[in-house]
Amino acid sequence: MLANLYWRLLLFLRPYMKQVVFVWIIVAAAAAFTMVQPKLLEWAVDTGLKPSPSTRIAADIDASTTDIPVRNSDQLEAGRTYRINKEKVRVVSVSQGRVSVERGADGTTPSAHNARDTIQAFGGDVNTLVIAAGAIVAAAALRGFFTYWQTFLGEWLGQHVAFDLRNMIYEKLQRLSYAYHDKQQTGQLMSRATQDVEATRMFIQMGALRLLDMTLRIGIAAVLMFMTDWRLALLAWALLPLVAWRSIVVNLQMRKIWNVVQDQLGRTTTVLQENLVGVRVVKAFSREDYEEEKFNKEATELFRWNFAQNRLQATNTPFYSAMGMLSQVLVLFMGGIWITEGTLRPGELVGFLAYLQLLLMPMRMLGFVVSQFSRAGAAGARIFEILDAESAVKEKPDAIVLDKIAGHVRYEHVSFGYDAISPVLRDVNIDAPPGKVVALLGPTGCGKTTVVNLLPRFYDVTSGRITIDGIDIRDVTLASLRRNIGIIQQDVFLFSATIRDNIAYGAVDATYEQIIEAAKIARIHDYIMSLPDGYDTWVGERGITLSGGQKQRVSIARTLLLDPKILILDDSTSSVDTQTEYLIQQALSAVMQGRTTLVIAQRLRTIKNADEILVMQNGRIIEQGTHEELISQDGLYRQIYDLELRDQEEALKGMAQAAAARSEGDGGEAGGTAGA
């Protein structure tokens, strides 16, 4: 399961296989030039210095002693020059356990020595050492060159994978239905598209590539070390099983912690996002202290789990370093014994110690790599929850394009439920011929908005079907279906852009003249032209710089520019004043001309002008007819009318009578003036 998750993350490298292969070559070259340096050191010591077998002095001597007792005289040869610390001596003769020497050879100063000092000879030459030094410098330079490209290409691949992942997540979220978004928190989705993608980028760059580099270094070092001396190699790698066991245990622990960290980060982001969106509500109710406490609670929990992760990593990294140092101690101790026994060359021991020193960094980095893999496992699981999500609304492979429609909408025995337990709509039948206005009326929660949300397939019906011009909407492409439906919602959303961009959002190819014409029909053009920048005026986030009525009319202009054959009005005038309602109604009347319209309304003017009114209750249509037909019946419509709409009608009649009276008064005054 976990291996499959990592494999799926690595598959995002597939579009960049050329770069991946190049990185593999670069990593291999960097590892090779790194691991060749101990071999060069071994060659420099054994050939350039060429130390001979040594022996210790058997007793303390002063600066004038020429007959020196030694532990093993067989290691010395007459006529050769040896070194005791900084002093050089030339051997004159060798006898059992003693050696006669000439003190202060080659201009060195004789000095006293103790029984712990060693008589050592070197038979190398300077030229060999110079060549070895040059080779080591060249290997280090090439190692630096390849390491630079390894780092650069690793970052390049990580950034490209992150770029692709973000786009895939964003595209997937655009394609998922309302049903998915109804169950998700915005903060969680934002966290997955940012923090989790960043964790994946670090996995590609610092996890996978670093693991490849470590594997190659360890593999090359293992081969060369066993080729040099299998005894020291076994000793050096004796602690490897313990390191592997520790890595597995820590990986499992850290993955659990990272799962909690990523989820908690999403919750913290959710609290922050909700607070910023609802900041006016917070201030209106003076709930700043409560919101601070709520955010502090989530932030504290995030800190606690991050601290737990860091504490585990802090105890893990020194463990790997300690294992590396312990290997060095074992190799140095046993290697020194084997050198004195003559079964190991000094250069081989120096090479082994260099290998272990070079492996210390991978050992230290192992803890970091384990952490990156653990975090990527948690982040990848959360990312794939989005990428693997199935939309409840799917387009058929052979879906047709809905084009040049008349706009005849029919709901045929439609039922719907957000889950299998609680149905929202039951056996709904609606017939809306082209150009007709059908109004939906009913108490809150009766299913009015659900009815209109089924038409553009924001949700799919549970049973029955919806047709446009006799074509089942499930048989057409989603893009063509929604292109023929204009929606003016109660809660208007405007983007942080210019007024022109917001009006042309659904028709990006619209000309400036077309935008102006749509704004004129929507009764918003005059207001826009009164602004300093006109159509280039920048509206705030969610259109905060505009009033509710102004946003509604911008939304109407945006819909009009699409020129849809079917129109959905979702309670568009329920929260505006009478004057604004009048302007919006004028705009809506112009928009609805020649279009099939489904309207959810609580205003009498909209209802009275409808060709048919459908009264809903508990997910069913219980009454239908015109305003006059329904008001004559003693049903739910009459009750709603008496409770909510009669006052509107009486107010409208009063306004009409007052206007007529003013008109007559103005006419009388005009007549009197003329007579005079």
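Before reading further, recall that the structure is shown in the block above.
This is a predicted model, so every value here is computed, not measured. (Residues numbered from 1 in each chain as written. Predicted model: local features only at pLDDT ≥ 70, side-chain atom pairs only at ≥ 80, totals over all residues. Heavy atoms only, no water.)

Q: Explain the nonpolar core to me, using residue names and the numbers behind them.
A: The biggest cluster of nonpolar side chains holds 44 residues, and the ones touching the most others in it are I503, L561, I613 and Y637. Counting residues per element, this core draws most heavily on helix α16 (residues 548–562), at five residues. The residues touching L561, leaving out its near neighbours within four places in the chain, are I503, A504, A507, A510, Q514, I515 and A518. Ranked by size, the runner-up nonpolar core spans 39 residues in total, among them V23, I26, V161 and F384. (Core = buried A, V, L, I, M, F, W, Y, C linked by side-chain atoms within 4.5 Å. Buried < 20%, exposed > 50% of the residue type's maximum accessible area, 1.4 Å probe, protein only. Helix = DSSP H or I, 4+ residues; strand = E, 2+ residues; numbered from the N terminus. Contact = heavy atoms within 4.5 Å.)

Q: Can you lay out α16 for me, pointing to particular residues and giving the numbers?
A: Relative to the 21 Å expected for 15 residues at 1.5 Å per residue, α16 spans 22 Å between its end C-alpha atoms, a close match to the ideal helical length. D563 sits one or two residues past α16 and shows a positive phi near 55°. (Expected span 1.5 Å × (residues − 1).)

Q: Explain the pattern of salt bridges to me, and be specific about the residues and the numbers.
A: Applying the stated criterion across every chain, the model contains 28 salt bridges. In this structure, R90 and D106 form a salt bridge, with 3.5 Å as the shortest nitrogen-oxygen distance. Taken together, the residues R90 in strand β4 (residues 87–95) and D106 in the loop between β5 (98–102) and β6 (118–120) connect sequence positions 16 residues apart. For D431, the salt bridge identified is with R410, shortest N-O distance 3.2 Å. Of this pair, D431 sits in strand β8 (residues 423–432) while R410 sits in strand β7 (residues 409–417), and the two are 21 residues apart along the sequence. Judged by its relative accessible area of 34%, D431 falls in the partly exposed class. For R410, a relative accessible area of 33% gives the class partly exposed. (Salt bridge = Lys/Arg side-chain N within 4 Å of Asp/Glu carboxyl O.)

Q: Account for the packing of aromatic side chains, naming residues and giving values.
A: Applying the stated criterion to the full structure yields 16 aromatic pairs. Note on Y148 and W149: the rings are 5.4 Å apart at their centroids and 75° apart in plane angle, and the pair reads as edge-to-face. Take W149: its relative accessible area is 29%, and that puts it in the partly exposed class. Here the aromatic rings of Y148 and F152 are separated by 6.3 Å at their centres, their planes lie at 20°, and the arrangement is stacked. Residue Y148 and its partner F152 are located together in helix α3 (residues 126–175), separated by four residues, close to a single helical turn. One aromatic cluster is present, formed by Y6, F203 and F373 through successive ring pairs. The ring of W338 carries R231 above its face, with NZ or CZ at 4.2 Å from the centroid. (Phe/Tyr/Trp six-rings, centres within 6.5 Å; stacked < 30°, edge-to-face > 60°. Lys NZ or Arg CZ within 6 Å of the ring centre and 35° of its normal.)

Q: Please set out the sheet that holds strand β16 (residues 620–625) residue by residue, giving values where relevant.
A: Taken together, six strands build an open sheet; the order of strands is β12-β13-β14-β9-β15-β16 and the sheet is mixed. The sheet is open, and its two borders are formed by β12 (485–488) and β16, each paired with just one other strand. Taking the axes of each pair of neighbouring strands and ignoring which way they run, one obtains an average angle of 20° across the sheet. When strand β13 (residues 566–570) meets strand β14 (residues 596–600), the two strands line up parallel, connected through five bridges. The residue of β14 that forms the bridge with D570 is I600. Seen against the sheet, α16 touches β12 and β13 and runs at an angle of roughly 175° to β12. (Pairing = 2+ DSSP bridges. Axes fitted to C-alpha atoms, helices over the stretch in contact; angles between N-to-C directions.)

Q: Would you mind going over unusual backbone geometry in detail, with residue names and values included?
A: Even without being glycine, N85 reaches a positive phi, approximately 55°. Its place among the elements puts N85 in the loop between β3 (81–84) and β4. Taking relative accessible area as the criterion, N85 reaches 45% and is therefore assigned partly exposed. Backbone geometry at N618 places phi at a positive 55°, although glycine is not the residue there.

Q: Give me the lowdown on the packing of helix α2 (residues 17–49) against α3, citing residues and values where you can.
A: Two quantities define a packed helix pair, namely the angle between the axes and the distance from one axis to the other. It is the contact of α2 with α3, at a shortest axis distance of 8 Å, that shows an interaxial angle of 160°. Accordingly, the angle class assigned to the pair α2 and α3 is roughly antiparallel. For the pair α2 and α3, the crossing hand works out as left-handed. Residues that form the contact of α2 with α3 fall into these classes: 27 nonpolar, eight polar and one charged. (Parallel < 35°, antiparallel > 145°, perpendicular 65-115°, else oblique. Left-handed = near helix turned anticlockwise from the far one by under 90°. Nonpolar A, V, L, I, M, F, W, Y, C, P; charged D, E, K, R; others polar.)

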